[in-house]
Amino acid sequence: MKPVRRAAVALVLLVACGDDSPTQPDYDPQLDPADFVPQVTNQFYPLVPGTTYSYEGGTDEGTETTVVEVLDETKLILGITATVVRDRVFLDGELIEDTFDWFAQQNTGDVWYLGEDSKEIENGEVVSTEGSWEAGVDGAKPGIIMWGDPAAHLNEEYRQEFYEGVAEDVATVIGLNEAAEVPYGSFTGCIRTEDRNPLESGSAEHKVYCPGVGQVLEEPADGGGERIELIEVAEP
């Protein structure tokens with residue numbers, strides 16, 4: 001799941017790439033399908049088919065609700081069997097974005113983001129597919145959405161996705177053992193990331209992920225503006 005997105009919302013790993021910065025153009029992760037496991041079980045990013053996550057936040061335009069559903073479907077990408085997650089965004093009850101995201105977990109516990117099929121919708125019609133990409137197609141490359149051991153990568157920037165000029169999100173683990181309180185409940189032992197889109201100025205946001213649940217909170221990095229919170233989890 002790449003929940004709570006903004007019409008876009010991830011490395012061989014940086015260790016495998018030596019000293020290369022994730023912002024350098026020679027980023028070229030090489031993934032072996034044999035290194036991947038059938039299910040995404042990372043404690044900070046569990047994707048159990050049939051689970052639905054609901055988020056809510058207030059915006060200048062109205063109340064925004066995001067519904068993230070882990071589907072009992074897979075997609076083969078780069079020879080890797082990816083879990084399919086559907087992410088729908090509603091503004092005051094009207095569907096404005098419908099996206100299918102693709103994730104797979106390495107045997108190290110790292111969860112890779114392999115692409116998305118994103119549609120922006122106005123008055124029931126698709127008006128844009130901007131931000132869509134698939135690893136291995138037209139130069140697009142996968143990235144990490146969650147580390148198997150986030151503590152080992154504290155304060156290290158990494159790519160969540162890479163399709164030049166279209167999808168270039170990066171993130172940094174900036175906090176460990178954090179607490180979070182949202183309508184769905186209170187949590188401890190969480191991690192906090194700072195996510196930013198180099199293609200957009202002022203786009204940095206913080207996300208909090210908690211054990212056994214995944215993402216529970218998203219808020220602007222400057223502490224102001226919209227706060228999107230987990231309000232419900234429906235399990236299969």
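Residues numbered from 1 in each chain as written. Predicted model: local features only at pLDDT ≥ 70, side-chain atom pairs only at ≥ 80, totals over all residues. Heavy atoms only, no water.

Visitor: Just checking my understanding: could you explain the overall build of the chain for this structure?
Guide: The number of helices and strands found in the chain is zero helices and 16 strands. Relative to its full complement of 236 residues, the chain shows a buried share of 52%. Of the accessible surface of the chain, which amounts to about 10,400 Å², a share of 44% is contributed by carbon and sulfur atoms. (Helix = DSSP H or I, 4+ residues; strand = E, 2+ residues; numbered from the N terminus. Buried < 20%, exposed > 50% of the residue type's maximum accessible area, 1.4 Å probe, protein only. Areas by Shrake-Rupley, 256 points an atom, 1.4 Å probe, with all protein chains shown as cover.)

Visitor: Even after reading the chapter, I still don't get the packing of aromatic side chains, so can you show me in this structure?
Guide: The description of an aromatic ring pair rests on the distance of the ring centres and on the angle between the ring planes. Evaluated as defined, the whole model comprises seven aromatic pairs. Measuring from centroid to centroid gives 5.0 Å for Phe103 and Tyr113, while their planes differ by 20 degrees, and the two rings are stacked. Highlighted residues: Phe103 in strand β5 (residues 94-106) and Tyr113 in strand β6 (residues 111-122), separated in sequence by ten residues. Seen in terms of ring centroids, Trp147 and Tyr158 are 5.1 Å apart; in terms of plane orientation they differ by 75 degrees. Their pairing is edge-to-face. One end of the pair, Trp147, is in the loop between β9 (141-146) and β10 (157-159); the other, Tyr158, is in strand β10, and eleven residues separate them in sequence. Across this residue pair, the class does not change: Trp147 and Tyr158 are buried. Three or more aromatic residues link up through ring pairs in this structure, and these residues are Tyr45, Phe103, Tyr113, Trp133 and Tyr209. Taking NZ or CZ as reference, Lys75 lies 5.0 Å from the ring centre of Trp102, over its face. Note that Arg159 overlies the ring of Tyr27, its terminal NZ or CZ placed 5.2 Å from the centroid. (Phe/Tyr/Trp six-rings, centres within 6.5 Å; stacked < 30°, edge-to-face > 60°. Lys NZ or Arg CZ within 6 Å of the ring centre and 35° of its normal.)

Visitor: Looking at this model, I keep getting lost on the state of the cysteines. Mind explaining?
Guide: Applying the stated rule across the entire model yields one disulfide. The disulfide partner of Cys190 is Cys210, and the gap between their sulfur atoms is 2.2 Å. Residues Cys190 and Cys210 share a disulfide whose torsion about the S-S bond is about 100 degrees; that sign makes it right-handed. Taken together, the residues Cys190 in strand β13 (residues 185-196) and Cys210 in strand β14 (residues 205-210) connect sequence positions 20 residues apart. By the burial criterion, Cys190 is buried, and Cys210 matches it. (Disulfide = S-S within 2.5 Å.)

Visitor: Please explain the environment of Thr172 as it appears in this structure.
Guide: As for its placement among the helices and strands, Thr172 is situated in strand β12 (residues 170-182). In this structure Thr172 comes out as buried when scored by relative accessible area, which is 15%. For the pair Thr172 and Gln160, spaced twelve residues apart in sequence, the C-alpha to C-alpha distance is 9.8 Å. Once residues within four sequence positions are removed from consideration, Thr172 is found in contact with Asn155, Glu156, Glu157, Tyr158, Arg192, Thr193 and Glu194. (Contact = heavy atoms within 4.5 Å.)

Visitor: Just to check I follow, could you spell out the pattern of salt bridges for this structure?
Guide: Once their charged atoms are close, side chains differing in charge can pair, the charge on each being opposite to the other. For the coordinates displayed, the defined rule picks out eleven salt bridges. Arg192 is paired through a salt bridge with Glu178; the nearest N and O atoms lie 2.9 Å apart. Of this pair, Arg192 sits in strand β13 while Glu178 sits in strand β12, and the two are 14 residues apart along the sequence. For Arg227, the salt bridge is made with Glu229, and the minimal N-O distance between the two is 2.6 Å. (Salt bridge = Lys/Arg side-chain N within 4 Å of Asp/Glu carboxyl O.)

Visitor: Just checking my understanding: could you explain the environment of Leu47 for this structure?
Guide: Turning to its location among the elements, Leu47 is positioned in the loop between β1 (36-37) and β2 (52-58). Judged by its relative accessible area of 3%, Leu47 is buried.

Visitor: So what exactly am I meant to see when it comes to the confidence of the model for the chain here?
Guide: Regions with low pLDDT carry predicted coordinates that are not meant to be interpreted in detail. Looking at the chain as a whole, its pLDDT mean stands at 90, while 89% of the residues score no less than 70. For the stretch residues 5-24, pLDDT sits under 50, and the model shows 60 contacts to residues farther than four places along the chain or on other chains. (pLDDT = per-residue confidence, 0-100.)

Visitor: Please explain the pairing of β2 as it appears in this structure.
Guide: Within a regular beta strand, the side chains point alternately toward one face of the sheet and then the other, so they alternate between its two faces. Burial analysis of β2 places five of its seven residues in the buried class, which makes it a mostly covered element. Pairing of β2 with strand β3 (residues 63-77) involves seven bridges; the strand directions are antiparallel. Residue Tyr53 lies in a different strand from β3, and its bridge partner there is Val68. Looking at chain direction, β2 and strand β16 (residues 228-234) are connected through five bridges and run antiparallel. Note that in β16 the partner of Thr52 across the bridge is Ala234. (Pairing = 2+ DSSP bridges.)

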